[in-house]
Amino acid sequence: MLLTCISEITGRILRLSNKKNDWVYNLFLIAEAGFTTAMYDYFISKYLKKRPLILVGGGLLIILYVYEIIIHGIFISNDLTITIMSIMFIGYALYYYLLLIKDDTYVKLVKYGPFWWVAGTLLFYYGSCASDLYFTIFKNTNLFGHKRYLIYVWLNIIQYGLWSYSFICRYKCRELTL
Amino acid sequence: MQRIDTLIIFLTLVFLIAPVFLLMYVNQYNKRKKRHIEEKQLMQLTFESELIKTQMEIREQTMQTIGADLHDNIGQLLSLTSLTLNSVKLEDAEKAQQKIDAALDLTMRSIKEMRLLGKLLQGEQLIGLGLSEAIRHEINWIEKSGQYAVNYDIEGEQPAQNNPDKDLILFRILQEVFNNIIKHSKAKEISIKLAYSELGVRLQVIDNGAGFDVTNLPDDQKGMGLLNIQKRAEIVGGRFFIQSQPGEGTCIDIFIPYP
């Protein structure tokens, strides 16, 4: 959360002073990909002992990230890595839900933290994929920049809202266990 | 510009509808899973209570048989022994010897009957040795009356791993069928077939008794235990078939997945 806030504030300051802020988000991408992959790994570990899919996905992201940095440096956004990462995280979310519904044990979803965390992640990356797609389509119209920013703000609100709720669920669950 | 804005918002919403529906589907599926788990628990409870009921019925049946045998058979033999011994007159050595021999014979028969009763008491544990053994024991008891000619066939290999719960239920069904034959059918011949296959076990009981109209059972015969048999077969995932015509005997066929 601290890293997110630092990155967002730095990015905003640089943008307001008409400087490029892509390098900030490129650096933040490492933390974002690492944290989200680790969380998925943790949630899926409840159902599977071996998770080669997560390992392969993580490896692929590292290769793509390094490749893009080598090709165009850190001051240009790593769009390919972001797109592939978004698709991968959507895939992980669908896979997690498949494992959840295939599992024999019943969980009360309304108060089940992992369900809401994955829901927030799914909605954010699904929306960001759509947003990136429109951006590609409308980039020549020069009109979409602001709308894209607004969509991201709303997606962030949805994601962090659901993540916060999932942490509350987790906290209450721990309270009950204690 | 306004149109593009509207289009963008519309398309984003359309895109977001898909994951929202997915989440709703997961939630719905989860609710169905809860119902399924509750149904399974209820079925398990019903199964367990039915099993206890079956055990109680087998015990009750055994006690009834023992009671009847003590009264009608062993009691009579011992009374006769007592009478014979009382009538012994030692002055007439030859006659006295004859009566003592007769009393001895009656005592030996009583001992034999007592041994059979002892085996019957162990009969409840016989199921632990396997269903076919328990059935054989039940047949021995039926044959002892001398009123029925029983033919018993076993087909296929009994699985290495038994299912005592299913054995118990099948054994109780057989007892119920025997009860019906004794009470209602007036049969002389009974044919029993126990067939094991990869899919399960099949128990077939055919008698040459009076038979009845399966589709039009009189009110006084509705409590014949047929519903009980059907319920018990279904509780272990089995099927129950009955074929009968007045004057043409009855064929009862039970199939249960096994083990």
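Going along each chain's sequence as written, the residues are numbered from 1 onward. Each chain gets a letter, beginning with A, and each ligand a number, beginning with 1, in the order they are written. Thresholds applied to this predicted model are a pLDDT of at least 70 for local features of residues and 80 or more for the giving and counting of side-chain atom pairs; totals over whole chains, interfaces and linings are not thresholded and use all residues. Only hydrogens and water are removed before side-chain values are computed, so all heavy atoms of the structure are retained for them.

1. Some thoughts on the overall build of chain A
Inference 1: Tallying secondary structure elements over chain A gives six helices and zero strands in all.
Inference 2: Think of it in three bands: residues with accessible area under 20% of the maximum for their type are buried, residues over 50% are exposed, and the middle band is partly exposed, with areas taken using a 1.4 Å probe on protein chains only. Classification of the 178 residues of chain A by burial places 42% in the buried group.
Inference 3: Look at the contacts in chain A between residues 6 or more apart in sequence, and 68% of them connect residues 24 or more apart.
Inference 4: Accessible surface for chain A amounts to roughly 10700 Å². Of this, 70% is attributable to carbon and sulfur atoms. Think of it this way: any DSSP run of H or I at least four residues long counts as a helix, any run of E at least two long counts as a strand, and we number them from the N terminus. The criterion used for residue contact is that any of the two residues' heavy atoms lie within 4.5 Å. To measure how exposed things are, a 1.4 Å probe is used in the Shrake-Rupley method; for residues, cover is taken only from the protein chains shown.

2. Side note on the pattern of salt bridges
A side chain with one charge may pair with a side chain of the opposite charge, provided their charged atoms come close.
All names here are of chain B.
Inference 1: Salt bridges are identified by distance alone: a Lys or Arg side-chain nitrogen within 4 Å of an Asp or Glu carboxyl oxygen. Tallied over the full model, the rule gives eight salt bridges over all chains.
Inference 2: A salt bridge links Arg232 to Glu57; the shortest N-O distance between them is 3.0 Å. Of this pair, Arg232 sits in helix H5 (residues 226-235) while Glu57 is found in helix H1 (residues 2-86), placing the two residues 175 residues apart along the sequence. Of the two residues examined, Arg232 and Glu57, each falls in the buried class.
Inference 3: In this structure, Lys193 engages Glu155 in a salt bridge whose closest nitrogen and oxygen atoms are separated by 3.4 Å.

3. Some details on the interface of chain A and chain B
Inference 1: Listed by partner, the interface residues are 25 residues for chain A and 22 residues for chain B.
Inference 2: In short, buried area is how much 1.4 Å probe accessible area vanishes from two parts on joining, totalled over both. Interface area for chain A against chain B, summed over the two sides, is near 2300 Å², with a carbon-plus-sulfur share of 83%.
Inference 3: Among the residues of chain A in contact with chain B, Ile101, Tyr106 and Tyr134 of chain A are the three that bury the most area, contributing 27% of the side total.
Inference 4: Taken together, the connections running from chain A to chain B amount to zero salt bridges.
Inference 5: We define a polar contact as two N or O atoms separated by no more than 3.5 Å, with the added condition that, inside protein, one atom must be a possible hydrogen donor and the other a possible acceptor, whereas residues neighbouring each other in sequence contribute only through side-chain atom pairs. In this assembly, chain A and chain B are joined by four residue pairs in polar contact (both at pLDDT 80 or more).
Inference 6: Elements with a contribution of two residues or more to the side of chain A that touches chain B: helix H4 (79-102), helix H5 (113-138) and helix H6 (144-177) of chain A.
Inference 7: A total of ten residues in the side of chain A that touches chain B trace back to one element, the largest contributor, which is H5 of chain A.
Inference 8: When residues are sorted by character, Ala, Val, Leu, Ile, Met, Phe, Trp, Tyr, Cys and Pro go into the nonpolar class, Asp, Glu, Lys and Arg into the charged class, and all the rest, Gly among them, into the polar class. Here the residues of the side of chain A that touches chain B sort into 20 nonpolar, two polar and three charged.

By themselves, these are just geometric observations and shouldn't be taken as functional.
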